Amino acid sequence: QVQLVESGGGSVQAGGSLRLSCAASGYTGSSRSMAWFRQAPGEEREGVAVIYIGSGGIYYADAVKGRFTVSRDSAKNTVYLQMDSLKPEDTAMYYCAAALSSRYAWSNPRRYDYWGQGTQVTVSS
């Protein structure tokens, strides 16, 4: 079992920045990728970014490309999401997730086996 704990959320004004952290514990050696998702009220959960453990490959959703940066500290088994130039439409609950396989596309929630509890990000205008 893998435990994922997000932190770093909060309330900021448009144009501000936040850095989210996702700390993984338990048995993490089989994780193939780790991703950030977000979900706003009344909307579907959407992929924000993913980082592949083996290759280091990174993909971003178009909506955040150029503004968000995902990174990983392998020694700490922690994934970060640096969010800059935040917009009100970025307001959502942000979740981290870990996948043991690559059967589904990275942005498909079905890919992921473990999920954190989420951290709220609120961007005001």
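Conventions and cut-offs
Residues numbered from 1 in each chain as written. Predicted model: local features only at pLDDT ≥ 70, side-chain atom pairs only at ≥ 80, totals over all residues. Heavy atoms only, no water. Core = buried A, V, L, I, M, F, W, Y, C linked by side-chain atoms within 4.5 Å. Buried < 20%, exposed > 50% of the residue type's maximum accessible area, 1.4 Å probe, protein only. Helix = DSSP H or I, 4+ residues; strand = E, 2+ residues; numbered from the N terminus. Pairing = 2+ DSSP bridges. Disulfide = S-S within 2.5 Å.

Caption draft 1: Highlighting the nonpolar core. Leu 4, Trp 36, Leu 81, Met 83 and Tyr 94 are the most contacted members of the largest nonpolar core, which totals 28 residues. Of all elements in the fold, only β1 (2-7), β3 (18-26), β4 (33-39), β5 (46-52), β7 (68-73), β8 (78-83), β9 (92-99) and β11 (119-124) reach the threshold of two or more residues within this core. Formed by 7 residues, the second largest nonpolar core is a distinct cluster that contains Phe 37, Ala 97, Ala 99 and Tyr 112.

Caption draft 2: Expanded view of the pairing of β8. The buried count for β8 comes to 5 of 6 residues, which makes it a mostly enclosed element. Pairing analysis gives 6 bridges linking β3 to β8, with the strands arranged antiparallel. By the bridge assignment for β8, Cys 22 is matched with Val 79. Bridge analysis of β7 against β8 gives 6 bridges, and the strand direction is antiparallel. Across the sheet, the residue bridging to Val 70 is Leu 81, located in β8. Following β7, the chain reverses through 4 residues before pairing antiparallel with β8; Asn 77 in that reversal takes a positive phi of roughly 50°.

Caption draft 3: View of the state of the cysteines. According to the stated counting rule, one finds 1 disulfide in the structure shown. A sulfur-sulfur separation of 2.0 Å characterises the disulfide bridge that pairs Cys 22 with Cys 96. Classification of the bridge connecting Cys 22 and Cys 96 rests on its S-S torsion, roughly 65°, and on that basis the disulfide is right-handed. With a gap of 74 residues between them, Cys 22 in strand β3 and Cys 96 in strand β9 connect regions that are remote in the sequence.

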